[in-house]
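Overview (structure and organization)
Letter by letter, the chains look like this.
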Amino acid sequence: MNSPHVQNPGSGVSGIMLRVLAALLPALAAYVYFFGPAILVSLALASVTALAAEAAMLRLRGYPLRYFLLDGSALLTGWLLALSIPPLAPWWLIVVGTLFAIVIAKHLYGGLGNNLFNPAMVGFAVLMISFPAHMTHWLTPLPLAHDGLSLVQQLSFIFGENLPIGVKLDAVTMATPLDVIKTQLSLGGTVGEIRDHTPVFSTLSGLGTQTIAAFYLAGGLFLLHQRIITWHIPASFLGVFVLTAALFQGIDANHYAPPLFHLFSGGALLGAFFIATDYVTAPTTPRGKLIFGGCIGLLVYLIRVFGGYPDGVAFAVLIMNAAVPLIDAYTQPKVFGHKD
Amino acid sequence: MRTLFTFHGGIHPPQHKEESSRLPIAFAPLPQRLIVPLRQNIGASSTAIVQPGEQVLKGQMIAAADGLISVAVHAPTSGRVVALENHAVPHVSGMPGLCAIIEADGEERWFARQPIDYRNIAPHLLHQRLRDAGVVGLGGAAFPTHVKLDPGQQQKIQTLVINGAECEPWITSDDVLMRERASEVVEGIKIMAFMMQPEEVLIGIEDNKPEAIAAMRQACQGTNYEVVAVPTLYPTGGEKQLIKVLTGKEVPSGSRPLSIGVSCSNTGTAYTVHRAVNCGEPVISRVVTVTGNVRQPQNFEVLIGTPIGELIALAGGAKDDTRRYIVGGPMMGFDLPALDAPLVKSVNCVIAVSDALFPPAPPAMPCIRCGRCAQSCPADLQPFELYWFSQSRNFDKARAYQLFDCIECGCCSYVCPSNIPLVSYYRFAKSEIAAIDRDKKAAELAKERFEFREARLAREKQQKAALLAQKQAQQKAAAAADPDAAAKKAAIQAALERAQARQAATTPPPEHP
């Protein structure tokens, strides 16, 4: 036996993953409250697909199944993807995305600990590029829906693409606030007009979505408190992101939405605390994390405002994932007893 | 209040100190047979100066220092040397070592002890006394103390650090020594301070040892030594870490503390310095903690050479579910190879291990780059990177990421959520790199030899050719000078032509098919 002979009685990899899943629960509750139970269906689909794909890949690669399957990493990938895409979509959408994430982005790159790109974001990018139409039908918040779909009706749509007679998809879904802002600005509106005349907007950003975002923030603070993540990536991501938004708003408040709107819209808070902080695909040095987070924050804003997509978290994260080995190599901290 | 500094990282493993520190130090009885290893220090092994069959007295030198970084070894009791042979010893390598086996006569007759007055003696004689009394660092490394206390000519020593941190869990031998024998420890510190003439003397003790701190403060009254309570954080007791905490200075990589004007010694060492100088007694015993899965954990003063199995029995014996024994602490200690392996100077603790007290690590998972190892590393290394490089035998990268600054404290392995035995990978890489360096050196030497031989052969060939050319030139010159020679040459030529003509005449013409 080699030293050390003692081991931190922590709960290991699965303990970390389970706590991250737990940190998502409050936001999930808010999601169900504002948008109905469809998200639970897509989470279940993602979980089953992720675990099945993980099990198949582990078996193919000759790994002990039970031990690795329970590490929770595949489940987390599935959940993050499910939370990133519209919940009211044909069942195969989340299944295809999850399969791509687990099989290609994770296992073909070497499995847990070896993948260069964030698996959930690879899955998202594949869906975004391959099925753009399905990726824009976000549920209308229940308080705004005249007649919201029941669970059975949602299930019927997810598994059979059937809607109740007389109900059109457009009636139960709507564009996200980010989408609305982007489209309307390009049509010549100003930020103030758009916000005043579109019912989906609320105090900070979208009705419902802003609450969910706030709970992502709370979950992120929990992860910080648990020392599962360090402050570097969320702080630099959100810091640069908000500062850039403030800068543009300062230049032209009519054409650039305020920083808080951006902060509580789309995937900014989910991305900053839960996605960009993925250990495997993020830098490990403190300075590296700051650079990584800062660049993502900048890219997210640029993609949102000047790019072709309404949100930019997935692409910003994937671009910066590719730079991680380089960032790590150039930001090695000073070793004890060595001069700077 | 003194301003303290911090080092990066560190961990808070469960302490388990109370188990063994409740009872006072007990004296272990004289064993019948003592096994005294001749190598108990870092550096050169001592040279035996007794023969099997010889009678020895307690404290008599049985092996002398060999070279500068070496110290003497002594008979722990009076008796007869029955053998000089290889025997299991507690060493991290698990390899046996040459030992003097001494059968005790039970009379404990002392060799003539000669205390010296350190203030009135030539410095080199004081160094010699420490060497010949076998004084080494008792914190675990067993580095010869007289070398540590030799600042050299040009060095000015600013700080003498006395290390009473004892940061490893379970170990309490320094703690109880300071509680019970603080004044003698301070006497030893006085001798060290006299030898080094430092500007300040700082005694660093972790704040989980309030009784030791109080006793040492009491004993330091009337001196300008400062007892500093340092925060409990493993590995504060690491030499470079404690120096950083107390002085804010970082010992440069690959250097000794003396290079920045600091000298650091253990409290237990200070105690033996006092015994060696003021009492004339060499290091033939030490205080050792016997704890873990034994019935009565306690500290014992034990003769060097006592079989460790006898110590376990003194502590009430090991409980039935004991699986193995650790020598040293749980963070950096190693497995005891055999129960009859003897206590040596560097052993401060023996821990009986059961699965209940030390649950075996679960199987290792892949590294997920969570970075906890880097957050806990007191050497500011990136342990997971070193792990990747070691695992893939990418030794050049491992070296470039300063593998050799790793002190093997075990913090990284302790915090790893994937339960990867990181330190084992570093030990593997270090030994592989050392082997590669050795091979490289050997290859360079062989190449040098080969090239020298080639050059020599070429030179010899050239010399021969020159000699031959000279000879031929001489012959030519001689031939040209001799008129007979030309006639002789013409006669030979004529004879050759005649012979060819004859042969042509006798040879039948070729057949045509």
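The rules behind the values
- Residues numbered from 1 in each chain as written.
- Chains lettered and ligands numbered in written order.
- Predicted model: local features only at pLDDT ≥ 70, side-chain atom pairs only at ≥ 80, totals over all residues.
- Helix = DSSP H or I, 4+ residues; strand = E, 2+ residues; numbered from the N terminus.
- Rg over C-alpha atoms; globule rule 2.2 N^0.38 Å.
- Buried ≥ 20, exposed ≤ 12 C-beta atoms within 10 Å, placed from the backbone.
- Contact = placed C-beta atoms within 7 Å.
- Nonpolar A, V, L, I, M, F, W, Y, C, P; charged D, E, K, R; others polar.
- Domains from an automatic or database assignment.
- Expected span 1.5 Å × (residues − 1).
- Bend = angle between axes of the 7 residues up to and from the residue.
- Pairing = 2+ DSSP bridges.
- pLDDT = per-residue confidence, 0-100.
- Axes fitted to C-alpha atoms, helices over the stretch in contact; angles between N-to-C directions.

1. Focus: the overall build of chain A
Of regular secondary structure, chain A possesses 16 helices and two strands. Relative to a compact globule of 340 residues, whose C-alpha radius of gyration would be 20 Å, chain A shows 21 Å and is just as compact. Counting only C-alpha atoms, chain A reaches 70 × 50 × 30 Å along its principal axes. Looking at chain A as a whole, 51% of its 340 residues are labelled buried. When contacts within chain A are restricted to residue pairs at least 6 apart in sequence, long-range pairs at least 24 apart make up 77% of them.

2. What about the overall build of chain B?
Counting its secondary structure elements, chain B contains 14 helices and 17 strands. With 513 residues in all, chain B has 48% of them scored as buried. Pairs at least 24 residues apart make up 72% of the contacts formed inside chain B by residues separated by at least 6 positions.

3. A look at the interface of chain A and chain B
Taken together, the 27 residues of chain A in the interface contact 44 residues of chain B. At three residues, helix 1 (residues 12-35) of chain A tops the list of elements feeding residues into the side of chain A that touches chain B. In terms of residue class, the side of chain A that touches chain B is made up of 12 nonpolar, 13 polar and two charged.

4. Digging into the domain arrangement of chain A
All names here are of chain A. For chain A, the assigned domains read domain 1 (11-174) and domain 2 (176-330). Centre-to-centre, using C-alpha coordinates, domain 1 lies 21 Å away from domain 2. Listed per partner, the contact involves 31 residues of domain 1 and 28 residues of domain 2. Elements represented by at least two residues in the side of domain 1 that touches domain 2 include exactly helix 1, helix 4 (73-84) and helix 6 (119-130). Of all the elements, helix 1 adds the most residues to the side of domain 1 that touches domain 2, at 11 residues. A breakdown of the residues in the side of domain 1 that touches domain 2 according to their chemical character gives 25 nonpolar, five polar and one charged.

5. Describing helix 4 (residues 173-196) of chain B
All names here are of chain B. With 24 residues, helix 4 ought to run about 34 Å at 1.5 Å a step, yet its terminal C-alpha atoms sit only 26 Å apart, falling short of that. Most pronounced at R181, the bend in helix 4 amounts to some 100°. Counting buried residues along helix 4, 18 of its 24 residues qualify, which places the element largely inside the surrounding structure. Phi for Q197, located one or two positions after helix 4, is positive at around 50°.

6. Some points on the sheet that holds strand 2 (residues 33-37) of chain B
Residue and element names in this part refer to chain B. Taken together, four strands build an open sheet; the order of strands is 2-8-7-4 and the sheet is antiparallel. Among the strands making up the open sheet, the edge pair consists of strand 2 and strand 4 (55-56). Bridge analysis of strand 7 (residues 79-87) against strand 8 (residues 97-104) gives eight bridges, and the strand direction is antiparallel. Its bridge partner lying in strand 8, R80 is registered against E103.

7. Re the confidence of the model for chain B
With 98% of its residues at a pLDDT of at least 70, chain B reaches an overall mean of 91. We note a pTM of 0.86 for the whole complex and an ipTM of 0.89 for its interfaces.

8. Quick look at the environment of A74 of chain A
Residue and element names in this part refer to chain A. Counting through the fold element by element, A74 comes out in helix 4. On the basis of neighbour counts, which here come to 30 C-beta atoms within 10 Å, the residue A74 falls in the buried class. On a C-alpha basis, the gap between A74 and L112 in space is 8.9 Å, while along the polypeptide they are 38 residues apart. Setting aside chain neighbours within four positions, we find A74 in contact with A50, L51, E54 and I102.

9. Quick word on helix 6 (residues 239-247) of chain B
Owing to its 3.6 residues per turn, the α-helix aligns residues three or four sequence positions apart on the same side. All names here are of chain B. With respect to burial, helix 6 is a largely interior element, nine of its nine residues being buried. The complete set of buried residues in helix 6 reads E239, K240, Q241, L242, I243, K244, V245, L246 and T247. In this structure, the buried residues of helix 6 make contact with strand 9 (159-164), strand 10 (200-206), strand 11 (226-230) and strand 12 (262-266). Phi turns positive one or two residues past the end of helix 6, at G248, with a value near 80°.

10. Some thoughts on the domain arrangement of chain B
By a widely used convention, the size of an interface equals the accessible area lost when the partners come together. All names here are of chain B. Entries for chain B in the domain assignment read domain 1 (18-326) and domain 2 (366-490). Between domain 1 and domain 2, the C-alpha centre-to-centre distance is 40 Å. With four residues of domain 1 at the contact, the number on the domain 2 side is four residues. Its residues assigned to classes, the side of domain 1 that touches domain 2 comprises one nonpolar, three polar and no charged.

11. Looking at the pairing of strand 5 (residues 61-64) of chain B
On a regular strand, one side chain projects to one face of the sheet and the next to the other, so that they alternate. All names here are of chain B. Here strand 3 (residues 47-48) pairs with strand 5 via two bridges, running antiparallel. Across the sheet, residue T47 finds its bridge partner in strand 5, namely A64. In this sheet, strand 6 (residues 73-74) lies alongside strand 5 in antiparallel orientation, the contact comprising two bridges. Bridging across to strand 6, A63 finds its partner in V73.

12. Comments concerning the sheet that holds strand 13 (residues 285-292) of chain B
Residue and element names in this part refer to chain B. Taken in spatial order, the six strands of this open sheet run 1-14-13-17-15-16, and their pairing is mixed. A single partner strand is all that each edge strand has here, and the edge strands are strand 1 (26-27) and strand 16 (334-335). Pairing geometry for strand 15 (residues 322-327) and strand 16, over two bridges, is antiparallel. When the bridges of strand 16 are listed, V327 appears paired with F334. Against the sheet, helix 4 contacts strand 13, strand 14 (298-303) and strand 17 (349-354), and its axis sits at roughly 125° relative to strand 13.

13. Topic: the pairing of strand 14 of chain B
Residue and element names in this part refer to chain B. Extensive coverage of strand 14 is indicated by the burial of five of its six residues. For strand 1 and strand 14, the ladder comprises two bridges, and the chain directions are parallel. By the bridge assignment for strand 14, A26 is matched with F300. Alignment of strand 13 against strand 14, held across six bridges, turns out to be antiparallel. Note that in strand 14 the partner of R286 across the bridge is V302. Between strand 13 and strand 14, which pair antiparallel one after the other, the connecting turn spans five residues.

14. Quick notes on unusual backbone geometry
Residue and element names in this part refer to chain A. A cis amide bond, omega -10°, links S3 with the succeeding residue P4. Along the chain, P4 falls in the segment before helix 1. Not every positive phi belongs to a glycine, and E161 is a case in point at roughly 55°. Residue placement: E161 occurs in the loop between helix 7 (151-160) and helix 8 (169-172).

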